[in-house]
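Residue-level structural notes
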Amino acid sequence: MLEIMAKMEVKTSLLDNMIGVGDMVLLEPLNEETFINNLKKRFDHSEIYTYIGSVVISVNPYRSLPIYSPEKVEEYRNRNFYELSPHIFALSDEAYRSLRDQDKDQCILITGESGAGKTEASKLVMSYVAAVCGKGAEVNQVKEQLLQSNPVLEAFGNAKTVRNDNSSRFGKYMDIEFDFKGDPLGGVISNYLLEKSRVVKQPRGERNFHVFYQLLSGASEELLNKLKLERDFSRYNYLSLDSAKVNGVDDAANFRTVRNAMQIVGFMDHEAESVLAVVAAVLKLGNIEFKPESRVNGLDESKIKDKNELKEICELTGIDQSVLERAFSFRTVEAKQEKVSTTLNVAQAYYARDALAKNLYSRLFSWLVNRINESIKAQTKVRKKVMGVLDIYGFEIFEDNSFEQFIINYCNEKLQQIFIELTLKEEQEEYIREDIEWTHIDYFNNAIICDLIENNTNGILAMLDEECLRPGTVTDETFLEKLNQVCATHQHFESRMSKCSRFLNDTSLPHSCFRIQHYAGKVLYQVEGFVDKNNDLLYRDLSQAMWKASHTLIKSLFPEGNPAKINLKRPPTAGSQFKASVATLMKNLQTKNPNYIRCIKPNDKKAAHIFNEALVCHQIRYLGLLENVRVRRAGYAFRQAYEPCLERYKMLCKQTWPHWKGPARSGVEVLFNELEIPVEEYSFGRSKIFIRNPRTLFKLEDLRKQRLEDLATLIQKIYRGWKCRTHFLLMKKSQIVIAAWFRRFAQQKRYQQTKSSALVIQSYIRGWKARKILRELKHQKRCKEAVTTIAAYWHGTQVRREYRKFFRANAGKKIYEFTLQRIVQKYFLEMKNKMPSLSPIDKNWPSRPYLFLDPTHKELKRIFHLWRCKKYRDQFTDQQKLIYEEKLEASELFKDKKALYPSSVGQPFQGAYLEINKNPKYKKLKDAIEEKIIIAEVVNKINRANGKSTSRIFLLTNNNLLLADQKSGQIKSEVPLVDVTKVSMSSQNDGFFAVHLKEGSEAASKGDFLFSSDHLIEMATKLYRTTLSQTKQKLNIEISDEFLVQFRQDKVCVKFIQGNQKNGSVPTCKRKNNRLLEVAVP
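Residue positions are counted from 1 within each chain, in the order its sequence is given. With pLDDT at 70 or above as the cut-off, local features in this predicted model cover only qualifying residues; side-chain atom pairs require 80 or more to be listed or tallied, and sums for whole chains, interfaces and linings still use all residues. Hydrogens and water are ignored here; the side-chain numbers use all heavy atoms of the structure.

**Some remarks on the overall build of the protein**
The condition that has to hold: The secondary structure listing takes helices from DSSP runs of H or I that are at least 4 residues long and strands from runs of E that are at least 2 residues long, numbered from the N terminus. Two things to know: the radius of gyration comes from C-alpha atoms, and the globule rule equals 2.2 Å times the number of residues to the power 0.38. The classification of residues rests on relative accessible area computed with a 1.4 Å probe and restricted to protein chains. Under 20% of the type maximum is buried, over 50% is exposed, and intermediate values are partly exposed. All accessible-area figures derive from a Shrake-Rupley calculation using a 1.4 Å probe, and residue coverage is judged against the displayed protein chains alone. For the purpose of counting charges, residues Lys and Arg are taken to be positive, whereas Asp and Glu are taken to be negative. His and the chain ends are not included. Where a charge lies is defined by one atom per residue type: Lys uses NZ, Arg uses CZ, Asp uses CG and Glu uses CD.
Along the protein, the regular secondary structure elements total 32 helices and 31 strands. Here the C-alpha atoms of the protein give a radius of gyration of 56 Å, more than 25% beyond the 31 Å that 2.2 N^0.38 yields for 1082 residues. Principal-axis analysis of the C-alpha atoms gives the protein an extent of 170 × 125 × 55 Å. The 1082 residues of the protein split such that 47% are buried. Accessible surface, the protein as shown: approximately 58,400 Å² in total, 52% of it carbon and sulfur. The protein carries 167 positive and 132 negative side-chain charges, and their two centres are separated by 15 Å.

Printed below as a string of structure tokens:
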């Protein structure tokens, strides 16, 4: 029962069903080991969020968890921060409600190292705010644009690193603006320090920015051809190949997502294409390679090896090829009114190429951020409430730390400084607001480290700028020497030659390094590249070449290249720009109410269910989480409003249970006095109770748990009694209902039996009466029939006596004729109903009833058949009549004579098989024939010499028979029909026939014709009918297996024999000798 109640219990506090400790402030004892063990215990149970007061610790689970559903959003909506278990939604809701209801601008600071889940945390915050704020077409559009800006910025600003497959390589701060109702109006995005060096070089195991791989994987072939790109990654020097493919990442699908997001944010099609063209140009810049070439003056000059890549870049950007080629080979230096042009060697040319690629990409990224800001900015000028979300790189300690890590760690020092200040400030303000005595808290202030870096006089950034601007030879070594002179005595600075080890060099430090002891630990920086990266120089020749581009976007990215706006003043260094940006950011954050999310990476393998305690311990140290807990616990570890406190613990006191009538504070005072809690362990504020030691809170929780068990036992007892009474009353009520229904059933059954018996008795009585009446009626009927029979016999006898007097000898004949007439009449009436169908081929006929009707029966059958044939013929059109006449003619000529005839009966006679009128191939042949063509068919003409066949077009017109060449259409022979005397063929199943010509005629000069055709019956029939029509003489059709044909001056016998053919069922013809031609028929 207790388990069931525990499952049914509504969770109204983070203390309910707590795994480990939900708030680290309540951790007892507090040390590094217990802190880590508590995080691990919660992590193992998929509890990835833990509080430190109002700060949320988020441990990256590296897997999907079912804790971000719409139901979870509704669960945390408008709930007190400590009312439910720790969650990022609780902090998001607290920040949003403070902004909406209390009119306080908010900022959410998300920090942690790469791979700790900062980007995902910022997405979750934005998605929660989007879900709980107002609805409407315009509001939904603004929310969608704000959310869809993430995929665009991630594609261009994120990359795969050894620690994170989607690592943000820039800092992002977004101000989301709301109206007085809490509906989003728009937003403004600020970006900090894009890692543009990644464009030209990536560490082993890492990738370039996502967009390069997405473009090559997801773009269509048409787009790639337009951008002059190939899909193969290995074709581009700027793309690392050892990690080009990332498991679980579909670059092609992500490219489609980015294109869709750009469209939603508000990018026009030509703008998106321009952006992709710049990306393509950056990719192709890496393929430009240089070779040295000696000049007359002995100086080396760089030349481009293969100008094809340069040509394609110029076509993409619209730059004159000669201008860009010169910019890669020469550098122009301007001083006052003088210009000096110097050649670039190969190393300088490669530096110029990479500098151009980095600047082009970083300026494109800044343009993207500005373009997104134009789309998502608030359109109204009403007063706005602001919620800022800061997603910025965490503290970085690598094997090789350079200028980028130095700048990033400086930013994290500033964030740590403002975190401590604002946390103490918030704590102090709450104590003053609640009228609680404030106790001074000692903590480590990292202002001394910030001063070491940013001091305007002798800070590291100031000395780096001074070294970059100093005339003369400037190198990274001279910069390090300056640091050793100025910062050697600083307690947080170390180098090999620092004054603190003047007489003993520190051999653990390399010569070209210095070390700073940050709040998160010591970091060793390689000084190599500091000066170049801080200068961030782009030769003016390249800027001017870019400004001359016809590509609108590229031209707008390099305004300093305009000759009319030449500024000889040195541009600000990267360090000074970033320092100013950080100062602006800090000033902005100090005007807002802070909310913190501290992200922790549990392992370096990016794998689920692995918790590396050493790695987590390192992050806890440099994030200062233990110190944060100590600051929070320095005064009172736990505080809670009086109403929820009384509601939670009222069952511990008889006076407050079950309901307290009076102010909540009075009830809490009565409760604590009843429990005899020492006065020094708690204090009463204006609206909250403050508990000093976590042990006191846990004691209250233990007492509450014990009291809940007692109450559960009481509830069980009462519930069981109620359940038994309810069950008894239900059984009693059921028994009464069942008894009533049974009595009803018994009476109904008895009634049915009585009714059935009465019906049986009634039926027997009615049957007996009916049978009695039936017997009487049958007797009366038999009497009547007997009387009638006797009377009939009597009347018959009387009639016969009278008829004998008048009977004559011819009476039998008349009776016979009458009978015969009746039989014939009946025969015709029956025949009327038995007539067969009107189909001429229906041979059914009813049988005769009498033998003497046999002649009449046969004649009637003949007359009916003739009549229905006439009816059938009357339905024919003229064309059909002609076809049937031809078929009839063929029947008279070949039926029972030619074995081929039966197979031709079902085939319609078409005549024009070649469609000469429609086929352009036979246009010449059509023009040569003026008469109507009756037959146009391809036949095989048998060669008179060897018996082989040749394809010919057989044409029959009204007056002539023509033979033409099948390929050319040229007429070979023309025979008037009057010269055709006979047609000969065999009686077998073949298509051979001979056309005999009149002796002495012009056409008979070469002899008779021997043909083979698949339509023999049709051709012979039409030839017969046409000859009869024109000459009024019947054409002789000879059917014989042996016949003579005239070949020139000789007569040759054509003999048809049965034989097995090699080529199947096709007849073959073979010349045996001068007088015999054999045709083998299968």
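Here the narrative resumes, following the displayed structure.
**Quick word on the packing of helix H6 (residues 137–157) against helix H13 (residues 346–376)**
Under the convention used in this document: Angles shown run from 0 to 180 degrees and are taken between the N-to-C directions of axes, each axis being a line fitted to C-alpha atoms and, for helices, limited to the stretch in contact. Roughly parallel means an angle under 35 degrees; roughly antiparallel means over 145; roughly perpendicular covers 65 to 115; every other angle is labelled oblique. Contacts are assigned to residue pairs that have any heavy atoms within 4.5 Å of one another. In this classification, the charged set is Asp, Glu, Lys and Arg, the nonpolar set is Ala, Val, Leu, Ile, Met, Phe, Trp, Tyr, Cys and Pro, and all remaining amino acids, among them Gly, are polar.
Between H6 and H13, the shortest axis-to-axis distance is 11 Å and the interhelical angle comes to 175°. Comparing the axis directions of H6 and H13 gives the class roughly antiparallel. Mapping the contact onto sequence places Gln 145, Leu 146, Ser 149, Val 152, Leu 153, Ala 155, Phe 156 and Gly 157 in H6 and Tyr 361, Leu 364, Phe 365, Leu 368, Val 369, Ile 372, Ser 375 and Ile 376 in H13. Looking at the contact of H6 with H13, its residues break down into twelve nonpolar, four polar and no charged.

**Things to note about the sheet that holds strand E28 (residues 1042–1047)**
What counts here: Here the rule is simple: two strands pair whenever DSSP picks up at least two bridges between them.
Pairing is mixed across the open sheet formed by four strands, whose spatial order is E28-E29-E31-E30. The sheet is open, and its two edges are formed by E28 and strand E30 (1068–1073), each paired on a single side. For this sheet, the mean inter-axis angle between neighbouring strands, taken without regard to orientation, is 30°. For strand E29 (residues 1050–1058) and strand E31 (residues 1076–1081), the ladder comprises six bridges, and the chain directions are parallel. The partner of Ile 1057 across the bridge, within E31, is Ala 1080.

**Here's the deal with helix H7 (residues 210–218)**
It helps to recall that an α-helix has 3.6 residues per turn; residues three or four apart then point in one direction. When you tally the buried positions in H7, you get eight out of nine residues, the bulk of the element. Listing the buried residues of H7 in full gives His 210, Val 211, Phe 212, Tyr 213, Gln 214, Leu 215, Leu 216 and Gly 218. Where the residues of H7 are buried, they touch H6, strand E4 (158–159), helix H8 (221–226), helix H9 (251–265), helix H10 (269–285) and H13.

**Describing the sheet that holds strand E16 (residues 593–600)**
Spatial strand order, E1-E2-E16-E3-E12-E6-E7: seven strands in an open sheet with mixed pairing. Because the sheet does not close on itself, it has two edges, and the strands there are strand E1 (49–52) and strand E7 (184–192). Adjacent strand axes in the sheet meet at a mean angle of 20°, parallel and antiparallel pairs treated alike. Bridging between strand E2 (residues 55–59) and E16 involves four bridges; their strand directions are parallel. If you follow Val 59 over to E16, its bridge partner there is Ile 600. Set on the sheet, helix H23 (residues 625–633) makes contact with E1, E2 and E16; between it and E1 the angle comes to about 50°.

**Observations regarding the environment of Val 905**
Counting through the fold element by element, Val 905 comes out in helix H30 (residues 901–905). Given the relative accessible area of 41%, Val 905 is considered partly exposed. Along the primary structure Val 905 and Leu 390 are separated by 515 residues, whereas in three dimensions their C-alpha atoms are 94 Å apart.

**Focus: the pattern of salt bridges**
Defined as follows: Salt bridge, as applied in this entry: a Lys or Arg side-chain nitrogen positioned within 4 Å of an Asp or Glu carboxyl oxygen.
For the coordinates displayed, the defined rule picks out 45 salt bridges. Among the ionic pairs, Lys 898 bridges to Asp 990, the shortest N-O distance being 3.5 Å. Here Lys 898 is found in the loop between helix H29 (878–894) and H30, whereas its partner Asp 990 is found in the loop between strand E24 (980–985) and strand E25 (992–997), with 92 residues between them in sequence. By relative accessible area, which is 3% here, Lys 898 ends up buried. Where salt bridges share partners, they join Glu 230, Arg 235, Lys 284, Glu 309 and Glu 312 into one cluster.

**Notes on the packing of helix H16 (residues 460–469) against helix H17 (residues 476–486)**
Our working rule: Crossing chirality is assigned from the near helix's rotation relative to the far helix, an anticlockwise turn below a right angle marking it left-handed and a clockwise turn marking it right-handed.
For the pair H16 and H17, interaxial distance at closest approach is 10 Å and the crossing angle is 140°. As summarised for this structure, H16 and H17 are arranged oblique, according to the angle between their axes. Classified by chirality, the crossing of H17 by H16 is right-handed. Contacts between H16 and H17 involve Ile 460, Met 463, Leu 464, Glu 466 and Glu 467 from the first element and Thr 478, Phe 479, Lys 482, Leu 483 and Val 486 from the second. Tallied by class, residues from the contact of H16 with H17 come to six nonpolar, one polar and three charged.

**Some details on the pairing of E24**
In this sheet, E25 lies alongside E24 in antiparallel orientation, the contact comprising five bridges. Bridge pairing in E25 places Val 980 opposite Leu 997. Connecting E24 to the antiparallel partner E25 that follows it, the hairpin turn spans six residues. Pairing between E24 and strand E27 (residues 1036–1039): four bridges, direction parallel.

**Brief notes about the packing of aromatic side chains**
Put simply, the test is: Side-chain rings of Phe, Tyr and Trp (the six-membered ring for Trp) are treated as a pair once their centres are within 6.5 Å; stacked means planes under 30 degrees apart, edge-to-face means over 60, and tilted covers the remaining angles. Only when the NZ atom of a Lys or the CZ atom of an Arg is both within 6 Å of the ring centre and within 35 degrees of the ring normal do we say a charge sits over the ring.
For the structure shown, the criterion picks out 31 aromatic pairs. Summarising the aromatic geometry, the rings of Phe 479 and Phe 530 are spaced 6.0 Å apart at their centres and angled 20° between planes, so their arrangement reads as stacked. Of this pair, Phe 479 sits in helix H17 while Phe 530 sits in helix H18 (residues 530–535), and the two are 51 residues apart along the sequence. Each member of the pair, Phe 479 as well as Phe 530, carries the same accessibility label: buried. With a centroid separation of 6.5 Å and 75° between ring planes, the pair formed by Phe 954 and Phe 993 is classed as edge-to-face. Within this pair, whereas Phe 954 is found in strand E21 (residues 949–957), its partner Phe 993 is found in strand E25, the two being separated by 39 residues in sequence. The residues Phe 954 and Phe 993 share a single accessibility class, namely buried. Grouped by ring-pair contacts, the aromatic residues Phe 403, Phe 406, Phe 479, Phe 493, Phe 514, Tyr 525 and Phe 530 constitute a single cluster. It is Arg 207 that lies over the ring of Tyr 213; its NZ or CZ is 4.0 Å from the centre. Sitting over the face of the ring of Phe 330, Arg 326 holds its NZ or CZ atom 4.4 Å from the ring centroid.

**A look at the pairing of E1**
Burial of the side chains of E1 extends over both faces: Tyr 49 and Tyr 51 are buried on one face and Thr 50 and Ile 52 on the other. Adjacent in sequence and paired antiparallel, E1 and E2 are bridged by two residues, among which Gly 53 carries a positive phi angle near 65°.

**Observations concerning unusual backbone geometry**
Residues apart from glycine generally show negative phi values, whereas peptide bonds are mostly found in trans. Of note, the bond from Glu 28 into Pro 29 is cis; its omega dihedral lies within 30 degrees of zero at -5°. You can see Pro 29 is positioned in the loop between helix H1 (2–8) and helix H2 (32–44). With an omega dihedral of 0°, the bond running from Trp 657 to Pro 658 counts as a cis peptide bond. Mapped onto the elements of the fold, Pro 658 is located in the loop between helix H24 (642–649) and helix H25 (664–675). For Lys 606, which is not glycine, the phi dihedral falls at a positive 55°. Here Lys 606 lies in the loop between E16 and helix H22 (613–623).

**Structural notes on the confidence of the model for the protein**
Caution applies to low-pLDDT regions: their predicted coordinates should not be interpreted in detail. The following threshold applies: Think of pLDDT as the predictor's per-residue confidence, scored from 0 to 100.
On average, residues of the protein score 83 in pLDDT, and 93% of them are at 70 or above. With pLDDT under 50 throughout, residues 1–12 is counted as low confidence; its partners more than four residues away or in other chains account for 16 contacts. Across residues 499–504, confidence stays below pLDDT 50; counting only partners more than four residues off in sequence or on other chains, it has six contacts.

**Details of a nonpolar patch on the surface**
Under the convention used in this document: Two distance rules govern patches: like charges are joined within 9 Å, and nonpolar side chains (Val, Leu, Ile, Met, Phe, Trp, Tyr) within 5 Å, applied only to residues with over 30% relative accessible area and no salt bridge.
Taken together, Ile 715, Tyr 719 and Trp 722 make up a surface patch of nonpolar side chains, about 320 Å² in accessible area. Relative to the helices and strands, Tyr 719 resides in helix H26 (residues 694–803). Overall, the relative accessible area of 37% leaves Tyr 719 in the partly exposed class.

**Things to note about the nonpolar core**
How we decide: Here, nonpolar core refers to any group of buried Ala, Val, Leu, Ile, Met, Phe, Trp, Tyr and Cys residues whose side-chain atoms link them within 4.5 Å.
With 113 residues, the main nonpolar core has Phe 156, Phe 212, Leu 324 and Phe 328 as its most contacted residues. Examining the composition of this core, we find that 13 residues originate from one element, H13, more than from any other.

**So, the environment of Phe 267**
Positionally, Phe 267 belongs in the loop between H9 and H10. Judged by its relative accessible area of 5%, Phe 267 is buried. As a C-alpha pair, Phe 267 and Ile 372 span 105 residues in sequence and 8.2 Å in three-dimensional space. Among residues more than four places away in sequence, those in contact with Phe 267 are Met 262, Trp 367, Leu 368, Arg 371 and Ile 372.

**Thoughts on the side chain of Asp 183**
Secondary-structure assignment places Asp 183 in the loop between strand E6 (171–178) and E7. A relative accessible area of 12% means that Asp 183 is categorised as buried. Non-local contacts of Asp 183, meaning those with residues more than four positions away in its chain, are made with Cys 133, Gly 134, Val 139, Glu 177 and Phe 178.

**Quick look at H16**
For H16, the tally of buried residues reaches eight of ten residues, placing the bulk of the element in the interior. Those residues of H16 that sit buried are Ile 460, Leu 461, Ala 462, Met 463, Leu 464, Asp 465, Glu 467 and Cys 468.

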